[in-house]
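# Working through the structure, step by step
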Amino acid sequence: IVSCLTATIFTISNVVVETTDSSPRLSLWTRFVWATFTTAITIQLSVVVLYWFLQYDGRAVGYVNLFSHGLLFLAVLVDGFVINRIPIRFKQIVWFYIVILAYLFWTVIHALATDIGNPNEQDNDPETDDDAIYGTLNWNERPVDSAILAIIVVVIGFPILYFIIWCVSTLIPHRYLNESTSGEALSGGQQDEDKEADLVLAVAD
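Here we summarise the structure given alongside this text. (Residues numbered from 1 in each chain as written. Predicted model: local features only at pLDDT ≥ 70, side-chain atom pairs only at ≥ 80, totals over all residues. Heavy atoms only, no water.)

## Details of the overall build of the protein chain
- Looking only at helices and strands, the protein chain has 5 helices and 3 strands in total.
- Along the protein chain, from the amino end to the carboxyl end, the secondary structure elements read α-α-α-α-α-β-β-β.
- Across the 205 residues that make up the protein chain, the buried fraction comes to 33%.
- Taking contacts inside the protein chain between residues at least 6 apart in sequence as the whole, the part at least 24 apart equals 65%.
- Accessible surface, the protein chain as shown: approximately 12100 Å² in total, 66% of it carbon and sulfur. (Helix = DSSP H or I, 4+ residues; strand = E, 2+ residues; numbered from the N terminus. Buried < 20%, exposed > 50% of the residue type's maximum accessible area, 1.4 Å probe, protein only. Contact = heavy atoms within 4.5 Å. Areas by Shrake-Rupley, 256 points an atom, 1.4 Å probe, with all protein chains shown as cover.)

## Concerning the side chain of Thr-107
- Mapped onto the elements of the fold, Thr-107 is located in helix α4 (residues 93–112).
- Within the local environment of Thr-107, its side chain forms a polar contact with the side chain of Trp-139, the two groups lying 3.0 Å apart. (Polar contact = N/O pair within 3.5 Å; in protein donor to acceptor, adjacent residues only side chain to side chain.)

## Some thoughts on the packing of α4 against helix α5 (residues 143–171)
- At a minimum axis distance of 12 Å, the contact between α4 and α5 shows a crossing angle of 135 degrees. Our classification of the angle between α4 and α5 gives oblique. As for the relative orientation of α4 and α5, their crossing is right-handed in sense. Residues Ile-93, Phe-96, Tyr-97, Ile-100, Leu-101 and Leu-104 of α4 lie in contact with α5, whose contacting residues are Val-154, Phe-158, Pro-159 and Tyr-162.
- Of the residues in the contact of α4 with α5, the class split is 10 nonpolar, no polar and no charged. (Axes fitted to C-alpha atoms, helices over the stretch in contact; angles between N-to-C directions. Parallel < 35°, antiparallel > 145°, perpendicular 65-115°, else oblique. Left-handed = near helix turned anticlockwise from the far one by under 90°. Nonpolar A, V, L, I, M, F, W, Y, C, P; charged D, E, K, R; others polar.)

Here it is, written out as structure tokens:
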């Protein structure tokens, strides 16, 4: 959902939103776009890593599975880093955690307070893990193990993945326009946080 929202926002930014703002400060829309992309790319990397290392059981992989746990991540990465050259800020991890904690809360509600199950895996056998969204996070059958796994991933795993995304961001040349240097474009690594207010995203050629 977040990735689809990001793609929609990128489209609106490129087609509808006026990008020649004379203000020397980043607009609220630009900040929103950057935060949405940061959240989406980190979530997608988390989904890829957690699925292939914890959930995948060696079965043949269909297109839907491959798209959801790999190709979508590549699409978001190329769109954000290669096409739009969006920088990552450490402070934006707050938005990622808001979404991911809300999702973890939903997995608990899904398991303990609903009969939704998992339509892609469900076989009406109460002894299997297919009622859970992910078998490794089964709050019905293994609440203690699920809680321990969630804590480890939230406290250790997600910060590491976010750091990896931030490192990649520093290696991507960004498109900036510095108002104080007569419109000369700045490109290169991560810009200092205290300079962010003086920079606006340059219009891509």
